[in-house]
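# Geometric and topological summary
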Amino acid sequence: MTDWGSVVERITTFIKDCVSSAGAKGVVVGVSGGVDSACVAKLCTMALGSDSVLALIMPEEGVTPKEDVEDAVNLCKELGVEYRIIEINPFVNAFVSKLGEEHKIAVANIKPRIRMILLYFHANSRRLLVAGTGNKSELMAGYFTKYGDGGVDFLPIGDLYKTEVFQLARYLGIPERIVTKKPSARLWKGQTDEEEMGISYEKLDAILKAMEKGVSVEEIPAVAGVSEEEVATVVRMVELSRHKREPLPLARVRDLLDC
Ligand SMILES: Nc1ncnc2c1ncn2[C@@H]1O[C@H](COP(=O)(O)OP(=O)(O)OC[C@H]2O[C@@H]([n+]3cccc(C(=O)O)c3)[C@H](O)[C@@H]2O)[C@@H](O)[C@H]1O
Ligand SMILES: Nc1ncnc2c1ncn2[C@@H]1O[C@H](COP(=O)(O)OP(=O)(O)OP(=O)(O)O)[C@@H](O)[C@H]1O
Ligand SMILES: [Mg+2]
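Basis of the calculations
- Residues numbered from 1 in each chain as written.
- Chains lettered and ligands numbered in written order.
- Predicted model: local features only at pLDDT ≥ 70, side-chain atom pairs only at ≥ 80, totals over all residues.
- UniProt positions renumbered as here; feature names shortened; annotations may be inferred.
- Near = placed C-beta within 6 Å.
- Helix = DSSP H or I, 4+ residues; strand = E, 2+ residues; numbered from the N terminus.
- Nonpolar A, V, L, I, M, F, W, Y, C, P; charged D, E, K, R; others polar.
- Contact = placed C-beta atoms within 7 Å.
- Axes fitted to C-alpha atoms, helices over the stretch in contact; angles between N-to-C directions.
- Parallel < 35°, antiparallel > 145°, perpendicular 65-115°, else oblique.
- Left-handed = near helix turned anticlockwise from the far one by under 90°.
- Buried ≥ 20, exposed ≤ 12 C-beta atoms within 10 Å, placed from the backbone.
- Domains from an automatic or database assignment.

Per an unreviewed UniProt entry, the chain is named NH(3)-dependent NAD(+) synthetase, and its organism is Archaeoglobus veneficus. Within the UniProt record for the chain, the comment given under Subunit (unreviewed entry) is "Homodimer." Regarding the chain, the UniProt comment filed under Sequence similarities (unreviewed entry) reads as follows: "Belongs to the NAD synthetase family."

Listed below in structure tokens is the structure:
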């Protein structure tokens, strides 16, 4: 049985350390109405106090459901944190009108990248750090936009698989409507994480956990109760997204220089 009190203690200490060692005044976090950002907003508030947390609610009119904005606003009110609602449509339109909208994923990724710019605008101008909301399942599967929602200063729930984030959310008393909604990046209407990835979080996490324990690919189906195809899907996602987790390749030339 996980002692969630100890997990929360470890994470809140981590958040305090990140902020103080950066000499920052607090954090800014994108609050979507989803469970990951709800947990991060709550943990940051517990760690730093409500005066040190700024929440940005950044819906895309026509794509973000109204309930998400309601849930995000209610959460911020409950936490007592300052929040700003910034609709991203004008920014998205500025890009799409110049670039076109033929390539679905390229256009979709503009949205998290715009949110990242808005978060860093507030981080720069108010001396805050950008709190990331990525969880271990997303990070390992590469299910995030490079330099979009992946562009953050620290990752408080980055060591928790999504199925564990749900448990944490319940422990933290996150409202049921947020905990029970289907995970979605809301990059286009009707998008859900599980449908796009082609696998449930239950199975994804079972496979990732087996991989982390060093179980061989051949043995994972029996250990995790999944099919060979599902294992192959996850192994492919992990491999193809390695570049999102590792330091940038840098061409080493010092040995050739005359200095
Ligand atoms: N081997 C390699 N070494 C170095 N760089 C490499 C590379 N392969 C690709 N790249 C670079 O990475 C780019 C592709 O990565 P990226 O731009 O991220 O794009 P990509 O991974 O194709 O798309 C992002 C995925 O994350 C999902 N997402 C995004 C945002 C939020 C959430 C959510 O759950 O809330 C989910 C989204 O629905 C989509 O499935 C390539 O265009 C290339 O520039
Ligand atoms: N409408 C939005 N307003 C503010 N931030 C957003 C919005 N949409 C996405 N984000 C930011 O991007 C992050 C990544 O989205 P993601 O969907 O993975 O997380 P979530 O919405 O918090 O939880 P879930 O995965 O369960 O939907 C969010 O946690 C949030 O920080
Ligand atoms: Mg979401």
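Anyway, onward from the coordinates.
Turning our eyes to something else, we now look at the site of ligand 1. Lining the immediate environment of ligand 1, one finds 17 residues, of which Pro112, Thr145, Lys146, Ala185 and His243 sit closest. Listed by contribution, the elements that provide at least two residues to the shell around ligand 1 are α5 (104-126) and α9 (193-197). Counted by class, the shell around ligand 1 contains seven nonpolar, five polar and five charged residues.

Per the UniProt record, "binding site: Mg(2+)" (unreviewed entry) is found at Asp36 and Glu138. Separation in sequence by 103 residues is not matched in space for these annotated residues, since their most distant C-alpha atoms are only 10.8 Å apart. Following the sequence through the fold, Asp36 ends up in helix α2 (residues 35-48). The residues touching Asp36, leaving out its near neighbours within four places in the chain, are Thr133, Asn135, Ile157 and Val165.

Around ligand 2 sit 21 residues, and of these Gly30, Ser32, Gly34, Ser37 and Thr133 come closest. When contributions to the shell around ligand 2 are tallied by element, the ones reaching two or more residues are α2, β2 (53-57) and α5. Ranked by residue count, the leading element in the shell around ligand 2 is α2, at three residues. Of the residues in the shell around ligand 2, the class split is nine nonpolar, seven polar and five charged.

It is at 10 Å that the axes of α2 and helix α7 (residues 162-172) come closest, and there the two elements cross at 50°. On the basis of the axis angle, α2 is oblique to α7. The chirality of how α2 crosses α7 is left-handed. Side by side, α2 and α7 meet where Val35, Asp36, Ala38, Cys39 and Lys42 of the first sit next to Val165, Phe166, Leu168, Ala169 and Leu172 of the second. Partitioning the contact of α2 with α7 into residue classes produces eight nonpolar, no polar and two charged.

This part takes up the UniProt feature "binding site: deamido-NAD(+)" (unreviewed entry) in the chain. In the numbering adopted here, UniProt assigns the feature "binding site: deamido-NAD(+)" (unreviewed entry) to Arg113, Lys146, Asp153, His243 and Lys244. Here Arg113 is to be found in helix α5. Classification of Arg113 by C-beta neighbours within 10 Å gives partly exposed; the count is 17. Tracing the backbone through its elements, the reader meets Lys244 in helix α13 (residues 242-245). Residue Lys244 is classed as partly exposed on the basis of its C-beta count, with 17 C-beta atoms lying within 10 Å.

Tracing the chain through its elements places Glu164 in helix α7. On the neighbour-count criterion, Glu164 (19 C-beta atoms within 10 Å) is partly exposed.

Turning next to the domain arrangement of the chain. For the chain, the domain assignment lists domain 1 (4-185) and domain 2 (198-246). On a C-alpha basis, the centres of domain 1 and domain 2 stand 26 Å from each other. On the side of domain 2, 13 residues touch domain 1, which itself brings eleven residues to the contact. If you list the elements that add at least two residues to the side of domain 1 that touches domain 2, you get α6 (136-141) and α7. Of all the elements, α6 adds the most residues to the side of domain 1 that touches domain 2, at four residues.

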